[in-house]
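Structural description and commentary
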Amino acid sequence: MTLRHEASGAEQYYFYLPLLLLLIVPVAYYVAVRSADPTDPIVKGTVLAQPKCECSACAATRSENESLLQKLTSAERPHGVRDPAQEATLWGKISQTFLSGFNVPTTLLGYLFLSLVYVVYKIFTVGTIVEIFDPHTVLGIPESATKSEIRKAYRALSLTEHPDKVASHLRKVAEGKFVTISKAYKVLTDATARANFEKYGNPDGPQATSFGIALPAWLSNPAIVAVLYIALLGLGGWAVYRYFTYGTVFGDTAKARTLENGLQREPVEKLAKSFSQGNMQSPCLTADQALGMVAGIVRAHHPALALENKDAQALTKAMDGAKAPTSSNPAAAALLAHMHRTVALPKDVLETALRAAETALALAVRRGRYGDVPACLALYRGIAAAVPPTAGSPLLHLPHVTRAAITKLGGNAVTPLGLVKNGRPAFDKAMNGVTGLTATQREEMWAAALRAPIVQINGCSFGDVSVNQTPGNETQVHAESSEIACTVKLTFATAEDVAAGRVGAANAASDSPSKKGGKKDAAAAPATTTATTAELTLPSAGAHTPYFPQPQRAGVWLFVTESSRGGKLAPILNAAFLPFDDPAVLGARNAQTGEVTVRVRIVGPRQVGVLSVGINAFVIPSSHIEESRSFKLRLDRWSKKQRLAAGVDDEARKGADTVGRYSVVEVVVPKEQKQQAAAAAGQAQSGEGEAEEEVTNDDE
């Protein structure tokens, strides 16, 4: 058997087609996954634009930031920010639209798609030539021709097509053609040859099998094949390693060792290591420790960041004579100066600091201990809104507020809700003694106080979602529940709604910055929500951040904890950030009552007893709005009758209600927690199978 590698016509393109598809699928998947931002709670495209605070202070900050961007060259501009000057030209529009996000995967994907289009085009245009050997056609005679006519036609062709009868430069072509003529004559005149042709397709009998595998002819050269293998396995592997390790193939690895959020990998890994080394019994993070962690990342990105002597003195004065935390990192003092509004830090420093605070919060949540969360949240809110992380007036979250205004309005104890409850006349009277504020600025301050967010925890119920996952149709929770749904009722409203009596009085956490919501069990009376015909106002989705270069989204961080383990050491069962403008939140919110139903799933503890589940809500970036409540979760053994009544058997499943009774914001169990729970359940099942079977028999 002879193996041919040659392919003519479109055959070689049939080889290229599957090869390109094998390359396009993983590259396209990689580009799609990398382009999605897993930290953004709202999928890109569902919200038309980033929400913005419309006060004049934030508008001025945005205008200043845009002016600075316009002065930068294309190389200096942040990734993804377009240059208006370049977009004025045709080439500028093309480059800004298609080349601004240049990187190796997207460029490779573009070339692969262009190659795919070319290959498909060649397949449909080139075609494959298949010639069928017909002796009568070769000799130019009809199938009814006699032997004398066959002989006559053969002689005539021999006189014109014989290699000795043609010019020397046509002799090679003539040789092949004359072989075909001789073969046709032999088939038509020799009985044995004709029988072999009809049986084997060749007058000489069976021959060696020859077939092609649609490879281009140039691939039959061993040297070329060897070079291709070296390039693919050597250079290709090196390029893949460089890109996935450093984010670049030929660029500077020192600049490319960054994470998706733009932070350098090394300081973030050090911070993650410090979180992993601690145990659940170690002391919880303090505000100073969280500040030191974030400042370490900021210092790694901006080594020269430090305060001048006059700025340090201004910070000490703003802190009422208290010294800044002792630290070998000057970036900590610089961040404190920003949060006390004594120094305007560069825009890139603030963006780095906020990303570092987000990273610290994410690591604290991943660690799973609730006691580390408040310090990280306070620091994040302090950097975003430029407010002190541990003290300060809640009125600092209103636009144009000065120290003199805070003093006239009642001091640090007054919240925006308290301001609205006192009424507009009291506000105007107090502000008459404050100089330096225009009438427009005072109006903006009052309007922001009216829209200050108010969040209440109204209640929480529990259900087993292993049988029926539709909202409102969960079965009774029990000790064998593998996944439990905590259906939390929250009220999202504003200070104006509370002051007008459209919402029941908020708890102490919303009215005083020095108190937190008291912990109540499920039997305690929930915060009341008065139903009215008028729709309640949704808190502003654009946070007031005039000292930050980019708009920030406002919302609620919701944490579900196992509070029965005690205080700050309580494990975090699940957590989620709920932006006020999230489509899921808007869809699950009752406009008349302002109530939002959030269904947070947690892993079942698989034990009999009573657990205390803590529901904790923090408004971002408002530093004074937070509430915590505790609810009892009773887990009893499940009898066979209860299983049948709940619809565990196949017959009851068929009649189960699969239509949700209300809209909810769904918060699923993190994948890591599911895997850990499955592994723990497998170990427990191997040792407790006999006891479990005995309990079931007793319940029958």
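This text follows the structure it describes.
A few points on the structure. Every value quoted in this text rests on a predicted model; they were computed, and no experiment measured them.

Moving on: the packing of helix α11 (residues 265-277) against helix α15 (residues 347-367). Remark: α11 packs on α15, axes separated minimally by 10 Å, with the N-to-C direction vectors making an angle of 30°. By the criterion of interaxial angle, the relationship of α11 to α15 is roughly parallel. As for the relative orientation of α11 and α15, their crossing is right-handed in sense. Seen from α11, the contacting residues are Val268, Leu271, Ala272 and Phe275; seen from α15, they are Thr359, Ala360, Leu363, Ala364 and Arg367. Of the residues in the contact of α11 with α15, the class split is seven nonpolar, one polar and one charged.

In this section: the sheet that holds strand β5 (residues 555-562). One open sheet accounts for four strands, arranged β6-β5-β8-β9; its pairing is antiparallel. Two strands in the sheet have a free side with no partner beyond their single neighbour: β6 (572-579) and β9 (626-635). Going from strand to strand, the sheet's axes swing by 15° on average, the running direction of each strand aside. The pairing of β5 with β6 spans seven bridges and is antiparallel. Bridge pairing in β6 links Leu558 to Ala576. Against the sheet, helix α16 (residues 373-385) contacts β5, β6, β8 (609-620) and β9, and its axis sits at roughly 10° relative to β8.

Here the focus is the sheet that holds strand β4 (residues 483-494). By definition, the strands of a sheet pair up through backbone hydrogen bonds, in either a parallel or an antiparallel sense. What the four strands build is an open sheet, ordered β3-β4-β7-β10; its pairing is mixed. Each edge of the sheet is formed by a strand with only one pairing partner; in this case those strands are β3 (453-464) and β10 (665-667). Within this sheet the neighbouring strands show an average axis-to-axis angle of 20°, counted without direction. Of the pairings in the sheet, the one linking β4 to strand β7 (residues 595-603) comprises nine bridges and is antiparallel in character. Among the inter-strand pairings, Glu483 is bridged to a residue of β7, identified as Val603.

What counts, and at which threshold
- Residues numbered from 1 in each chain as written.
- Predicted model: local features only at pLDDT ≥ 70, side-chain atom pairs only at ≥ 80, totals over all residues.
- Heavy atoms only, no water.
- Axes fitted to C-alpha atoms, helices over the stretch in contact; angles between N-to-C directions.
- Helix = DSSP H or I, 4+ residues; strand = E, 2+ residues; numbered from the N terminus.
- Parallel < 35°, antiparallel > 145°, perpendicular 65-115°, else oblique.
- Left-handed = near helix turned anticlockwise from the far one by under 90°.
- Contact = heavy atoms within 4.5 Å.
- Nonpolar A, V, L, I, M, F, W, Y, C, P; charged D, E, K, R; others polar.
- Pairing = 2+ DSSP bridges.

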